[in-house]
Amino acid sequence: MMRLTPVLASLALVAVLAGCDPVEPTPTAPPVVEPVETSSPTSEPEPVVETLTIPDCETLVPLALAKSSFAESTEFLGEGVPTEYYPWWQVPAVNSAIAGVTVARSCWWGIPNSDGSFNLLVAEIDPATQASLDVALETEGFYPLFLGTVSGRENGRDGDNGYEAETHLFTGNVWILSDNHSMDGTAAISDSALSAMRAANPTLGL
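Rules behind the numbers
For every chain, the first residue of the written sequence is number 1, and numbering continues from 1 onward in sequence order. Note on the predicted model: pLDDT of at least 70 is required for a residue's local features to be given, and 80 or more for side-chain atom pairs to be given and counted; whole-chain, interface and lining totals, by contrast, use all residues. In computing side-chain values, all of the structure's heavy atoms are included and hydrogens and water are not. Each helix is a run of H or I in the DSSP string that is no shorter than four residues. Each strand is a run of E no shorter than two, and both are numbered from the N terminus. Relative accessibility under 20% of the residue-type maximum defines a buried residue, over 50% an exposed one, and the middle range a partly exposed one, all with a 1.4 Å probe and only protein chains included. Here, residues are in contact when the closest pair of their heavy atoms is within 4.5 Å. Note on pairing: DSSP must find at least two bridges between two strands before they are called paired. Throughout, an axis means a line fitted to C-alpha atoms (over the contacting stretch in the case of helices), and angles, computed between N-to-C directions, take values from 0 to 180 degrees. Think of it as the arc spanned by the lines of direction from the helix axis to the C-beta atoms. Throughout, nonpolar core names a set of buried Ala, Val, Leu, Ile, Met, Phe, Trp, Tyr and Cys residues whose side chains join them through atoms within 4.5 Å. Helix span, as expected, comes to 1.5 Å for every residue beyond the first. Contacts described as polar in this section are N or O atom pairs within 3.5 Å, which, within protein, must combine one atom able to donate a hydrogen with one able to accept it, while residues neighboring in sequence count only if both atoms come from side chains.

(A) Representation of the overall build of the chain within the structure. Broken down by element type, the chain carries six helices and seven strands. When the helices and strands of the chain are placed in sequence order, the string is α-α-α-β-α-β-β-α-β-β-β-β-α. Per-residue burial over the chain gives 33% buried out of 206 residues. In the chain, the share of contacts with a sequence separation of at least 24, taken over all contacts with a separation of at least 6, comes to 57%.

Right, here's the structure in full:
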C-alpha cells in the first residue's frame, strides 16, 4: 500500500479543501417584461343627422296645379315668413308650433287684386310637437288621415270668406299644412308638396 508523506498529505488536503469552496452564482439580468399593448376604448361614432331640404314654392306646387286646384287666374304671389303663417283654424297648439319653426317655407298663391288666395307651410317638426298637434287637432274635430308612412288630419267649414278647408300631413320629421277653399284643393296641394319633399330628401324615408 502506498503511503503519502506528510508534505504530500498536506498538499492533498489543501487541494480537497480548495475543491469544496462554494461557487459564487453568476449574476443574471432580471427578466424583461414586454409591455402589453391595450387598445383604448373607442367611442361610438356620432350619428349623422341629415339636413332637411325644402324646395322652393314653385317646385312644391307647380303653377299649373295651383290653377287647377283653385282658379285659372291664380298666380304665385310669393313667400311669406313661416313663423307668421296664419291658418284658418286658430288652434293654440298649431299657432305655437308655427311660431317655433326654424327650418320651414311658407308659400302664397291667389288671384291678384282679390281676396281669393291659399297658402302652404312646409316645416321640420320633432315627434313631441307632432304628437301634441295631433291631439289638439283631434280635439278641434279634425278627421284622421292615414296614407302609408303619412298620417294627418283635415277639416272643413263654412267661414267668413267662403268654405275653409285645412289639411295637415305628418311624415318623418316633416309637417305639411295646406289651407284652401275646398277639401280637394288642400288634398292636391299637400300631396304635391309631399311628392316634392320626397324627391328632395330621398334617403329620409318620407
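(B) Focus on the sheet that holds strand 2 (residues 104–110). Here we have seven strands laid out as an open sheet, ordered 1-2-3-7-6-5-4, and antiparallel in their pairing. The open sheet has two edge strands with one neighbour each: strand 1 (75–80) and strand 4 (143–147). Across this sheet, the average inter-strand angle for adjacent strands is 20°, counted without regard to direction. Across five bridges, strand 1 lies against strand 2 in antiparallel orientation. Paired with F76 across the bridge in strand 2 is W109. Packing of helix 4 (residues 92–99) onto the sheet brings it into contact with strand 3 (117–124), strand 6 (162–171) and strand 7 (174–180), and relative to strand 7 it is tilted by some 120°.

(C) Examining helix 4 more closely. For helix 4, the set of buried residues is V94, A97 and I98. With its buried residues spanning 100° around the axis, helix 4 presents them on a single face. Exposed residues on helix 4 whose side chains face more than 90 degrees from its buried face are P92, S96 and A99. Buried residues along helix 4 sit against strand 3, helix 5 (127–139), strand 6 and strand 7.

(D) Here's a closer look at the side chain of T167. Here T167 lies in strand 6. Judged by relative accessible area, T167 falls into the buried class, the value being 1%. Excluding residues within four positions of it along the chain, T167 makes contact with L145, R153, E154, I176, L177, S178, M183, T186, A187 and S190.

(E) Inspection of the pairing of strand 6 at higher detail. Burial runs high along strand 6: eight of the 10 residues are buried. Looking at chain direction, strand 6 and strand 7 are connected through seven bridges and run antiparallel. Residue pairing for strand 7: L169 is matched across the bridge by I176. Here strand 6 hands over to strand 7 after two residues, with G172 in that stretch at a positive phi of 55°.

(F) Structural detail: the nonpolar core. Ranked by size, the top nonpolar core spans 22 residues in total, and within it L60, W109, L120, V122, I176 and M197 carry the most contacts. Every element with two or more residues in this core is listed here: helix 2 (57–60), strand 2, strand 3, strand 7 and helix 6 (183–200). Counting residues per element, this core draws most heavily on helix 6, which supplies five residues. Not counting residues within four places of it along the chain, the set of residues in contact with L60 comprises I54, P55, R105, C107, L120, V122, S192, A193, A196 and M197. By size, the runner-up hydrophobic cluster in this structure holds 17 residues, among which are L121, I125, A136 and W175.

(G) Representation of helix 6. An ideal rise of 1.5 Å per residue puts 26 Å on 18 residues; helix 6 measures up with 26 Å between its terminal C-alpha atoms. Listing the buried residues of helix 6 in full gives G185, T186, I189, S190, S192, A193, L194, A196 and M197. Here the buried face of helix 6 lies against helix 2, helix 3 (63–69), strand 3, strand 5 (150–159), strand 6 and strand 7.

(H) Broad picture of the environment of E166. Position of E166 relative to the elements: it lies in strand 6. Each C-alpha atom of the pair E166 and P87 lies 7.7 Å from the other, and the pair is 79 residues apart in sequence. What E166 contacts, discounting residues up to four positions off in sequence, is P87, W88, W89, F142, R153, E154, N155, L177, S178, D179 and T186. In this structure the side chain of E166 is engaged in a polar contact, spanning 2.7 Å, whose partner is the side chain of H168.

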